[in-house]
Amino acid sequence: MLDVEDDEATRELIEKILAAVRGGAALSAAMQEQGSTFTGFYISMIRAAEVSGTLPDGLERLLEYLERSRELREKITSALI
């Protein structure tokens, strides 16, 4: 079983993606099948990493981007308060 918090929707999403990847789909394709859950930007970053053979690095870059975005949002929110 996946070690995901008690969020059932998140668990189901991850299970769908995992099943698609285990079935032979590319991660980017599995993400794209989830409708509007993932932006085109995220899917394109993953697809580029898959094509170039650098998926671990691509995932790391996406994580860094998301962390920087979160930090910036927090700073802006804090400055507005």
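In case you missed it, the structure is sitting above this.
Below: a short report on this structure. (Residues numbered from 1 in each chain as written. Predicted model: local features only at pLDDT ≥ 70, side-chain atom pairs only at ≥ 80, totals over all residues. Heavy atoms only, no water.)

**A word on the nonpolar core**
Stated precisely, the cut-off is as follows: Nonpolar cores were defined as sets of buried Ala, Val, Leu, Ile, Met, Phe, Trp, Tyr and Cys residues, with membership established by side-chain atoms within 4.5 Å. Burial classes: relative accessible area under 20% of the type maximum marks a residue as buried, over 50% as exposed, and values in between as partly exposed (1.4 Å probe, protein chains only). Elements are defined by DSSP. Helices are runs of H or I of four residues or more, strands are runs of E of two residues or more, and each kind is numbered from the N terminus. Any two residues whose heavy atoms approach within 4.5 Å at even a single point are treated as in contact.
With seven residues, the main nonpolar core is built from Ile17, Ala20, Ala30, Met31, Ile43, Ile46 and Leu62. Of all the secondary structure elements, the ones that give two or more residues to this core are helix H1 (8–22), helix H2 (27–32) and helix H3 (40–52). Not counting residues up to four positions away in its chain, the partners in contact with leucine 62 are Tyr42, Met45 and Ile46.

**Points about H1**
How we decide: Here a helix's expected span is defined as the number of its residues, less one, multiplied by 1.5 Å. Polar contacts, as counted here, are pairs of nitrogen or oxygen atoms within 3.5 Å of one another; within protein the pair requires one atom able to donate a hydrogen and one able to accept it, and residues that are adjacent in sequence qualify only if both atoms are side-chain atoms.
Spanning 15 residues, H1 covers 21 Å between terminal C-alpha atoms, matching the ideal 21 Å at 1.5 Å per step. For H1, the complete set of buried residues consists of Arg11, Ile17 and Ala20. At its buried positions, H1 is contacted by H2. Where H1 starts, the residue carrying a side-chain oxygen 3.1 Å from the main-chain nitrogen of alanine 9 turns out to be aspartate 7.

**Observations concerning H3**
Note the cut-off: Working definition: the arc comes from the directions between the helix axis and the C-beta atoms, pointing outward to the latter.
In this model, H3 (13 residues) spans 18 Å end to end at C-alpha, consistent with the 18 Å of a helix rising 1.5 Å per residue. Every buried residue belonging to H3 is among Ile43, Ile46 and Ala49, and all of these are buried. Projected onto a plane normal to the axis of H3, the buried residues spread over an arc of 130 degrees and lie on a single side. Lining the buried residues of H3 we find H2 and helix H4 (55–80). Following H3 by one or two positions, glycine 53 adopts a phi angle in the positive range, close to 75 degrees.

**What about a negative patch on the surface?**
Note the following rule: Patch membership is restricted to residues that have no salt bridge and whose relative accessible area is over 30%. Joining uses 9 Å for like charges and 5 Å for the nonpolar side chains Val, Leu, Ile, Met, Phe, Trp and Tyr. Here the accessible surface of atoms and residues is derived via Shrake-Rupley with a 1.4 Å probe, and residues count as covered only by protein chains that are part of the display. Salt-bridge detection follows one rule: a side-chain nitrogen of Lys or Arg within 4 Å of a carboxyl oxygen of Asp or Glu. When charges are tallied, Lys and Arg are placed among the positive residues and Asp and Glu among the negative ones, while His and the ends of the chain are skipped. Here the site of a charge means atom NZ of a Lys, CZ of an Arg, CG of an Asp or CD of a Glu.
A cluster of acidic residues, Asp57, Glu60, Glu64, Glu67 and Glu71, forms a negative patch at the surface. For glutamate 71, the position within the fold is in helix H4.

**Some remarks on the packing of H3 against H4**
Spelled out, the test is: Axis angles are defined between N-to-C directions and span 0 to 180 degrees, where every axis is a line fitted to C-alpha atoms and, for a helix, only to the segment in contact. For classification purposes, angles smaller than 35 degrees are called roughly parallel, those larger than 145 roughly antiparallel, those between 65 and 115 roughly perpendicular, and all remaining angles oblique. In this scheme, a crossing is called left-handed if the near helix is turned counterclockwise away from the far one by less than a right angle; it is called right-handed if the turn is clockwise. The nonpolar class holds Ala, Val, Leu, Ile, Met, Phe, Trp, Tyr, Cys and Pro. Asp, Glu, Lys and Arg form the charged class, and all remaining residues, Gly among them, are polar.
Two elements in contact, H3 and H4, have axes whose closest approach is 7 Å; the angle formed by their N-to-C orientations is 155 degrees. Here H4 runs roughly antiparallel to H3, going by the angle between their axes. Considering the relative orientation of H3 and H4, their crossing is right-handed. Side by side, H3 and H4 meet where Phe41, Tyr42, Met45, Ile46, Ala49 and Glu50 of the first sit next to Leu55, Gly58, Leu59, Arg61, Leu62, Tyr65 and Leu66 of the second. Among the residues making up the contact of H3 with H4, the classes are represented as 10 nonpolar, one polar and two charged.

**So, the packing of aromatic side chains**
Keep this limit in mind: For Phe, Tyr and Trp, rings pair up if their centres lie within 6.5 Å, where Trp contributes its six-membered ring, and each pair is then called stacked (planes under 30 degrees apart), edge-to-face (over 60) or tilted (otherwise).
Going through the model one piece at a time under the given rule, you end up with two aromatic pairs. Relative to tyrosine 65, the ring of phenylalanine 41 lies with its centre 5.0 Å away and its plane at 55 degrees, an arrangement referred to as tilted. Linking phenylalanine 41 in helix H3 with tyrosine 65 in helix H4, this pair joins segments that are 24 residues apart in sequence. Of the residues examined, phenylalanine 41 reaches a relative accessible area of 40% and is grouped as partly exposed. For tyrosine 65, a relative accessible area of 31% puts it in the partly exposed group. Taken together, Phe41, Tyr42 and Tyr65 form an aromatic cluster joined through their ring pairs.

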